[in-house]
Amino acid sequence: MTSMTPRHLADHGDRHPMSIVAYMLVLFIIPSLGLAVTFLAQGQGPAAIAAAVAGALSLVGAAVIYSTMARRLDHSPLIPDSSSAEKARYLVEYRH
């Protein structure tokens, strides 16, 4: 028996693509701040500042993505809501 629901071209499961981007930005914070400390210890001030700014921008970028997704999705982008009510709401909203 065939299903009457349309098949979406891009099925991401419980993950939104932008949450993956934000997660990668969070992962980038640790090495960038480690480089900032290393450059500072070596006396390379401009490189340390650049690495610290890159880490700070990654933190701000991830926070903006997560907060925007939380407002638009009405739940946390970090913890997917896989309840039956959420699935029904999704199907009503995105069914074509």
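Residues numbered from 1 in each chain as written. Predicted model: local features only at pLDDT ≥ 70, side-chain atom pairs only at ≥ 80, totals over all residues. Heavy atoms only, no water.

S.K.: Talk me through a nonpolar patch on the surface; I want residue IDs and the actual numbers.
M.R.: There is a patch of nonpolar side chains on the surface, built from Ile20, Tyr23, Met24 and Leu27 and spanning about 400 Å² of accessible area. Residue position: Met24 is located in helix H1 (residues 17–41). Taking the relative accessible area as the measure of exposure, Met24 reaches 52% and is therefore exposed. (Patch = residues over 30% accessible without salt bridge, like charges linked within 9 Å, V, L, I, M, F, W, Y side chains within 5 Å. Areas by Shrake-Rupley, 256 points an atom, 1.4 Å probe, with all protein chains shown as cover. Salt bridge = Lys/Arg side-chain N within 4 Å of Asp/Glu carboxyl O. Helix = DSSP H or I, 4+ residues; strand = E, 2+ residues; numbered from the N terminus. Buried < 20%, exposed > 50% of the residue type's maximum accessible area, 1.4 Å probe, protein only.)

S.K.: Please give an account of the nonpolar core that cites residues and values.
M.R.: Across soluble globular proteins, nonpolar side chains have a tendency to be buried as a group. The biggest cluster of nonpolar side chains holds five residues, and these are Ala22, Ala62, Ile65, Tyr66 and Met69. With four residues, helix H2 (residues 45–73) is the largest single contributor of residues to this core. Setting aside anything within four residues of it in sequence, one finds Ala22 in contact with Ala62, Ile65 and Tyr66. (Core = buried A, V, L, I, M, F, W, Y, C linked by side-chain atoms within 4.5 Å. Contact = heavy atoms within 4.5 Å.)

S.K.: Provide a residue-level description of the environment of Leu25, including the pertinent values.
M.R.: Residue position: Leu25 is located in helix H1. Between the C-alpha atom of Leu25 and that of Ala63, which follows or precedes it by 38 residues, the distance is 9.5 Å. When sequence neighbours within four positions are dropped, the list of residues in contact with Leu25 reads Ser58, Gly61, Ala62 and Ile65.

S.K.: So what's going on with H1? Residues and values would help.
M.R.: Think of an α-helix as 3.6 residues a turn; residues three or four steps apart then line up on the same face. The terminal C-alpha atoms of H1 lie 37 Å apart, and with 25 residues this matches the ideal 36 Å at 1.5 Å per residue to within 8%. Taken residue by residue, H1 has Ser19, Ala22, Ile29, Ser32 and Ala36 as its buried positions. Buried residues along H1 sit against H2. At the exit of H1 stands Gly43, carrying a positive phi of roughly 80°. (Expected span 1.5 Å × (residues − 1).)

S.K.: Can you lay out the packing of H1 against H2 for me, pointing to particular residues and giving the numbers?
M.R.: Closest axis-to-axis distance for the H1/H2 pair is 7 Å, and the angle between their directions is 160°. When the interaxial angle is binned, H1 and H2 end up roughly antiparallel. In the crossing of H1 with H2, the sense of the turn from one axis to the other is left-handed. (Axes fitted to C-alpha atoms, helices over the stretch in contact; angles between N-to-C directions. Parallel < 35°, antiparallel > 145°, perpendicular 65-115°, else oblique. Left-handed = near helix turned anticlockwise from the far one by under 90°.)

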